[in-house]
Amino acid sequence: MSKFSSFPLLRLLIPFVIGILCYVYHLSIPVFVKNIIENFYYLFFVVVIVIALSIVQFFFNIKYFFSFIVDSSLFLFGYGLSYYQDLLHRPDFVENFIKENEYQYIIVKPTDVIVHKEGFNKLIVDSYLIYDKDQHFQKAEGKILIYLPADTTFDAIYHPNAYYLLSAQLKPLKHPENPYVFDYANYLKKQSVYFTANIKSTKEFQFLSYKKFWSIKDWALYVRYYIVQYFQKNTYLNKHSKAIATALLTGFDDELDNDIIRSFAYSGTLHILSVSGFHTGLLFLLINFIFSFIDPYKNKKWWRIIITISCLFFYAFISGFSPPIVRAAIMLSLVLIQQYIYTDRIIHTLNILSAAAFFVLVINPLFINDVGFLLSFSAIIGLAYFSPKMIF
């Protein structure tokens, strides 16, 4: 019996992850494979071939043939998904329209709330349209980190779901000369941020209009912004308490000052300030505790499942869908379904973890480089390996 027979989802995850890693780390693959991924018609042809080979496997039952087809398909899926997520290959990438030392006119939309730091504020925006050399607005993609003056002028015109006209010189990210220090530029590029801009007045960042149709991400940002604003306007809490409460609820920890971070670090509780699976697990236990009074005999299992999963993903929603929260929400949802629906089956932790990793990487395959993603999944793998009697 194969070692993977007890872990089918892990077995399927491996070729998918290998495909992502091959793209992220520029590992060499055959030229015809790249052509398949980069050309839609080639890709369509491969899909047809895979379906045909699957039919052959069904009728002739050729050993290991179907496994090879599935592995190859998942590898191509992982590589192709990473390729299409990378802005560098797109003709509408903002870099293709920019000229050095020239002012650019770009219609942008915030992707997060304004971060207030000592001496400056900052905001990440997403490009939508850019005024090109032919004096026409062209569709553009790519995030820009904007540095703002350290005052409340921009807070008055800020709205999470509004369009703004950015008029500024865009500067490419600079990597540190010392290879052994933290590379902030590389960190930003993993978040699809490739340029910075310095803004001095609202004339360079003018409000245009509100967005008419809001996506799920737009609603998530608005709810997050509302919570942050609520605590900032709260007169009963001091500055440090506001920052801690905001970090715990929304994961917005940029306004925690160094004194707070050092205090928690020295006490060994710094992880509490970073929203993670720990917080999602506490929410899960709280919901179960409440249901133990409302439905002690577990007669309303569907209500339990719907309400619990909704609460878990709403928490992921307001936290900006960070990888550790999404991982925990998916895992706990699968555990809940197994407990109340598939009661006769025991789903191994690695299968649940593999399903969660697959869903997170489908959302954004570049999360494979995210420290939160790696630490979160590595910790659970370690717990699953060293504690085989765990429930989940």
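Here the structure is shown first, and the text comes after it.
Bear in mind the structure is a predicted one, so any value in this text is a computation, not a measurement.

Definitions and limits used
Residues numbered from 1 in each chain as written. Predicted model: local features only at pLDDT ≥ 70, side-chain atom pairs only at ≥ 80, totals over all residues. Heavy atoms only, no water. Helix = DSSP H or I, 4+ residues; strand = E, 2+ residues; numbered from the N terminus. Buried < 20%, exposed > 50% of the residue type's maximum accessible area, 1.4 Å probe, protein only. Contact = heavy atoms within 4.5 Å. Areas by Shrake-Rupley, 256 points an atom, 1.4 Å probe, with all protein chains shown as cover. Patch = residues over 30% accessible without salt bridge, like charges linked within 9 Å, V, L, I, M, F, W, Y side chains within 5 Å. Salt bridge = Lys/Arg side-chain N within 4 Å of Asp/Glu carboxyl O. Axes fitted to C-alpha atoms, helices over the stretch in contact; angles between N-to-C directions. Parallel < 35°, antiparallel > 145°, perpendicular 65-115°, else oblique. Left-handed = near helix turned anticlockwise from the far one by under 90°. Nonpolar A, V, L, I, M, F, W, Y, C, P; charged D, E, K, R; others polar. Expected span 1.5 Å × (residues − 1). Phe/Tyr/Trp six-rings, centres within 6.5 Å; stacked < 30°, edge-to-face > 60°.

Colleague: Would you mind going over the overall build of the protein chain with me for this structure?
Modeller: Each helix and strand counted, the protein chain has 14 helices and 9 strands in total. When the 392 residues of the protein chain are sorted by exposure, 40% land in the buried category. In the protein chain, 68% of the contacts between residues at least 6 apart in sequence involve partners at least 24 apart. Accessible area of the protein chain: about 23,700 Å², with a carbon and sulfur share of 65%.

Colleague: Looking at this model, I keep getting lost on a nonpolar patch on the surface. Mind explaining?
Modeller: Together, Tyr103, Tyr105, Leu129, Tyr131 and Phe137 give the surface a local cluster of nonpolar side chains, amounting to about 460 Å² of exposed area. Breaking the nonpolar patch down by element, the ones donating at least two residues are β1 (103-110) and β3 (120-131). Mapped onto the fold, Leu129 is located in strand β3. Look at Leu129 and you get partly exposed, because its relative accessible area is 31%.

Colleague: I'm lost on the packing of helix α12 (residues 323-340) against helix α13 (residues 349-363) in this one. Help?
Modeller: A pair of packed helices is characterised by two quantities: the angle between their axes and the separation of those axes. In the contact formed by α12 and α13, the axes pass within 9 Å of each other and the chain directions differ by 135°. One element, α12, and the other, α13, form an angle in the oblique class. Of the two possible hands of crossing, α12 and α13 adopt the one that is right-handed. Residues Pro323, Val326, Arg327, Ile330, Met331, Leu334 and Val335 of α12 form the contact with α13, whose own contacting residues are Thr349, Ile352, Leu353, Ala355, Ala356, Phe359 and Val360.

Colleague: Would you explain the pattern of salt bridges in this entry?
Modeller: Opposite charge on two side chains permits them to pair, given that their charged atoms come into close proximity. Counted under the stated rule, the structure contains 6 salt bridges. Its salt-bridge partner being Arg224, residue Asp112 comes within 3.4 Å of it at the nearest N-O pair. On the criterion of sequence distance, the pair formed by Asp112 in the loop between β1 and β2 (115-117) and Arg224 in helix α7 (residues 216-233) is long-range, its members being 112 residues apart. Shared partners join several salt bridges into a network, and the residues in it are Arg90, Asp92, Lys139 and Glu141.

Colleague: What am I meant to see in the packing of helix α10 (residues 277-294) against helix α11 (residues 301-318) here?
Modeller: It is at 10 Å that the axes of α10 and α11 come closest, and there the two elements cross at 150°. Classified by the interaxial angle, the pair formed by α10 and α11 is roughly antiparallel. Note on packing geometry: the crossing formed by α10 with α11 is right-handed. Residue-level inspection shows His279, Thr280, Leu283, Phe284, Ile287, Asn288, Phe291 and Ser292 of α10 in contact with α11, the latter providing Trp303, Arg304, Ile307, Thr308, Cys311, Leu312 and Tyr315. Within the contact of α10 with α11, the residues separate by chemical class into 9 nonpolar, 5 polar and 1 charged.

Colleague: I'm lost on α10 in this one. Help?
Modeller: Every α-helix carries 3.6 residues per turn, so stepping three or four residues along brings you back to the same face. Over its 18 residues, α10 runs 25 Å from end to end, which matches the ideal 26 Å to within 8%, given 1.5 Å per residue. Turning to α10, its buried residues number three or more, namely Gly277, His279, Thr280, Gly281, Phe284, Ile287 and Phe291.

Colleague: I'm lost on the packing of aromatic side chains in this one. Help?
Modeller: Aromatic ring pairs are reported here in terms of the distance separating the ring centres and the angle at which the planes meet. Tallied over the entire structure, the rule returns 22 aromatic pairs. Between Tyr23 and Tyr83, the ring centres sit 6.3 Å apart and the planes meet at 85°, which makes this aromatic pair edge-to-face. Of this pair, Tyr23 sits in helix α1 (residues 8-24) while Tyr83 sits in helix α4 (residues 65-85), placing them 60 residues apart in sequence. The burial state of Tyr23 is the same as that of Tyr83; both residues are buried. Each ring, one from Tyr184 and one from Tyr187, has its centre 6.0 Å from the other, and the planes form 25°; the classification is stacked. Residue Tyr184 and its partner Tyr187 are both found in helix α6 (residues 184-189); the two are separated by 3 residues, about one turn of the helix. Tyr184 sits in the partly exposed class, given a relative accessible area of 31%. Taken together, the aromatic side chains of Phe154, Tyr164, Phe205, Phe207 and Tyr210 make up a single cluster linked through ring pairs.

Any functional reading would require information beyond the geometric quantities listed.
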